[in-house]
Amino acid sequence: QVQLAESGGGLVQAGGSLRLSCAASGRIFSISSMAWYRQAPGKQRELVASIGSGGTANYADSVKGRCTTSRGDAKNLLFLQMNSLKPEDTATYYCNVFQVFKTYWGQGIQVTVSS
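Within every chain, residues take consecutive numbers counted from 1 along the sequence as written. Confidence filtering applies because this is a predicted model: local features only for residues at pLDDT of at least 70, side-chain atom pairs given and counted only at 80 or more, and all residues used for totals across whole chains, interfaces and linings. As a rule here, side-chain values come from all non-hydrogen atoms in the structure, and water together with hydrogens is ignored.

## Notes on the nonpolar core
Side-chain atoms within 4.5 Å link the members of a nonpolar core, which is a set of buried Ala, Val, Leu, Ile, Met, Phe, Trp, Tyr and Cys residues. Burial status follows relative accessibility: with a 1.4 Å probe on protein chains alone, a residue under 20% of its type maximum counts as buried, one over 50% as exposed, and anything between as partly exposed. Counting 29 residues, the largest nonpolar core has Leu-4, Leu-20, Met-34, Trp-36, Leu-80, Met-82 and Tyr-93 as the members making the most contacts within it. Mapped onto this core, the elements with two or more residues apiece are strand S1 (2–7), strand S3 (18–26), strand S4 (31–39), strand S5 (46–52), strand S8 (77–82), strand S9 (91–99) and strand S11 (109–114). Elements are defined by DSSP. Helices are runs of H or I of four residues or more, strands are runs of E of two residues or more, and each kind is numbered from the N terminus.

## As for the pattern of salt bridges
The salt bridge criterion pairs a side-chain nitrogen of Lys or Arg with a carboxyl oxygen of Asp or Glu, the two atoms within 4 Å. Counted under the stated rule, the structure contains four salt bridges. A salt bridge links Glu-46 to Arg-38, with the nearest nitrogen and oxygen atoms 2.7 Å apart. Residue classification places Glu-46 among the partly exposed residues on the basis of a relative accessible area of 28%. Between Arg-38 and Asp-89 there is a salt bridge, with its nearest N and O atoms 2.9 Å apart. On the criterion of sequence distance, the pair formed by Arg-38 in strand S4 and Asp-89 in the loop between S8 and S9 is long-range, its members being 51 residues apart. Residue Arg-38 is classed as buried on the basis of its relative accessible area, which comes to 7%. Residue class for Asp-89 comes out buried when judged on its relative accessible area of 2%. Each of the salt bridges in this network shares a partner with another, and the network as a whole consists of Arg-38, Glu-46, Arg-66 and Asp-89.

## Remarks on the environment of Ile-28
Of note, Ile-28 is situated in the loop between S3 and S4. Judged by relative accessible area, Ile-28 falls into the partly exposed class, the value being 31%. Separated by 47 residues in sequence, Ile-28 and Lys-75 have C-alpha atoms that sit 9.5 Å apart. Ignoring sequence-local partners within four residues, the contact set of Ile-28 consists of Val-2 and Gln-99. Pairs of residues are marked as contacts when any of their non-hydrogen atoms sit within 4.5 Å.

## Overview of the side chain of Ser-21
Structurally, the position occupied by Ser-21 is in strand S3. Ignoring anything within four residues of it in the chain, the contact list for Ser-21 reads Ala-5, Glu-6, Ser-7, Trp-36, Leu-78 and Phe-79.

## What about the state of the cysteines?
What counts as a disulfide here is a pair of cysteine sulfur atoms lying within 2.5 Å. Tallied over the entire structure, the rule returns one disulfide. Cys-22 shares a disulfide with Cys-95; S-S distance 2.0 Å. Because the sign of the S-S torsion sets the handedness, a value of about -80° for the bond joining Cys-22 and Cys-95 places this disulfide among the left-handed ones. Of the two residues, Cys-22 sits in strand S3 while Cys-95 sits in strand S9, which places them 73 residues apart along the sequence. Just as Cys-22 is buried, Cys-95 falls in that class too. Cys-95 supplies the cysteine sulfur nearest to Cys-67, a cysteine that is in no disulfide, at a spacing of 15 Å.

The structure is reproduced here in structure tokens:
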């Protein structure tokens with residue numbers, strides 16, 4: 001079993017910044033990749049950013065240039081630095097972990113960007 005706990009969400013003004021954190025615990029062997037997804041009301045869940053064990057990150061077009069994701073040295077931590085936030089970034093953000101051909105999800109954390 002793997003559990004994921006997100007933190008760092010909240011309310012910010014447009015143009016502000018937030019850093020989300022995800023801590024994985026439980027049966028951690030070798031996490032292949034970690035990712036951030038988000039889902040706004042009435043919209044499909046979308047991939048925001050992902051990062052492999054080698055440190056290569058990928059980003060959705062909507063956040064390129066504004067977000068940076070990274071993994072901690074212990075490899076069970078995932079961060080998402082979000083800058084220049086826009087109201088359209090408002091969503092519930094979910095941490096995702098892929099390990100030994102299994103996918104795990106966090107409960108989600110709310111990010112609200114006011115105009």
